[in-house]
Amino acid sequence: MNIQLLAVGEKMPAWVTEGFNEYAKRIRGDCRLTLKEISAGKRAKNADIQRIRTEESQRLLAAAPNGSRIVLLDVDHKPWSTPELAQQIKSWMASGQHTTLLIGGPEGLDDICRDRADQVWSLSPLTFPHPLVRIIVAEQIYRALSILRNHPYHRAG
């Protein structure tokens, strides 16, 4: 199964790319994690933020592979524990369907993404910097897969 992370924003600092890549390369076997960056709208003084958010959301959805499960990351939803994420991934794998995770820009995602989403996942009620979210998602997917594979990486009860 492929899990593709689509994220608004390009040209991240090296530590972000290195952090994401470190966890993505650890994911082997029947699952693969990739990242595709989507260009952010130009935010100038008096910019139409709603229009920018809508355009970014449209670009995210256009980049999602046809037929993939869409999972929206949104702070205002129920967070999953790591064992719950493991069960979600197990379900995704059993479906045979690829999964696409969407991370919006600074103002979040438009309702067109919420309407298209098959699931919504919150990492936490805290607000994280969007570059850091990429690393957290990659690490949590690796950790959840380690639970499914009985790998010692995840030791919490």
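Quick note: structure is the one above.
These numbers come from a predicted model, not from an experiment.

*Asks:* Quick question: what am I supposed to make of helix 5 (residues 130-148) here?
*Replies:* An α-helical segment advances 3.6 residues per turn. Residues three or four places apart therefore align on the same side. Between the first and last C-alpha of helix 5 there are 27 Å, a value that for 19 residues agrees with the 27 Å anticipated at 1.5 Å per step. In the stretch just after helix 5, N150 is the one whose phi turns positive, near 55°.

*Asks:* Explain the packing of helix 3 (residues 82-95) against helix 5 here, please?
*Replies:* A packed helix pair is summarised by two numbers, namely the angle formed by the two axes and the spacing between the axes. In contact at an axis separation of 8 Å, helix 3 and helix 5 are set at 80° when each is read in the N-to-C sense. Here helix 5 runs roughly perpendicular to helix 3, going by the angle between their axes. Residues T82, P83, L85, A86, Q87, I89, K90 and M93 of helix 3 form the contact with helix 5, whose own contacting residues are Q140, I141, R143, A144, L145, I147 and L148. For the contact of helix 3 with helix 5, the per-class residue count stands at 10 nonpolar, 3 polar and 2 charged.

*Asks:* Hey, could you run me through the environment of V133 in this one?
*Replies:* Looking at the element boundaries, V133 is found in helix 5. Those residues in contact with V133 that sit more than four places away from it in its chain are L73, I103, L123 and F128.

*Asks:* When you look at the layout of surface pockets in this model, what are you seeing that I'm missing?
*Replies:* Leftover empty space is mapped by rolling, across the atoms, a probe with the size of a water molecule. Empty space within the largest pocket amounts to approximately 390 Å³. The wall of the largest pocket is formed by 22 residues, among which L73, D74, V75, H130 and V133 lie closest to the centre. Among the elements of the structure, strand 3 (69-73) and helix 5 are those that each provide at least two residues to the lining of the largest pocket. The residue makeup of the lining of the largest pocket, split by class, is 11 nonpolar, 7 polar and 4 charged.

*Asks:* Just to check I follow, could you spell out the nonpolar core for this structure?
*Replies:* Burial of nonpolar side chains together is a common tendency in soluble globular proteins. If you look at the biggest cluster of nonpolar residues, it comprises 28 residues, and the most contacted ones within it are W92, L101 and I141. For this core, the secondary structure elements donating two or more residues are strand 1 (2-8), helix 1 (14-26), strand 3, helix 3, strand 4 (99-103) and helix 5. The leading source of residues in this core is helix 5, at 8 residues. Counting residues in each nonpolar core, the second largest holds 13 residues, with L60, A63, L109 and A117 among its members.

About the cut-offs
- Residues numbered from 1 in each chain as written.
- Predicted model: local features only at pLDDT ≥ 70, side-chain atom pairs only at ≥ 80, totals over all residues.
- Heavy atoms only, no water.
- Helix = DSSP H or I, 4+ residues; strand = E, 2+ residues; numbered from the N terminus.
- Expected span 1.5 Å × (residues − 1).
- Axes fitted to C-alpha atoms, helices over the stretch in contact; angles between N-to-C directions.
- Parallel < 35°, antiparallel > 145°, perpendicular 65-115°, else oblique.
- Contact = heavy atoms within 4.5 Å.
- Nonpolar A, V, L, I, M, F, W, Y, C, P; charged D, E, K, R; others polar.
- 1 Å grid on protein atoms, 1.4 Å probe; cavity = no way out; pocket = protein on both sides within 12 Å on 5 of 7 lines; lining within 4 Å.
- Points joined across faces, edges and corners; volume = space filled by probe spheres on them.
- Core = buried A, V, L, I, M, F, W, Y, C linked by side-chain atoms within 4.5 Å.
- Buried < 20%, exposed > 50% of the residue type's maximum accessible area, 1.4 Å probe, protein only.

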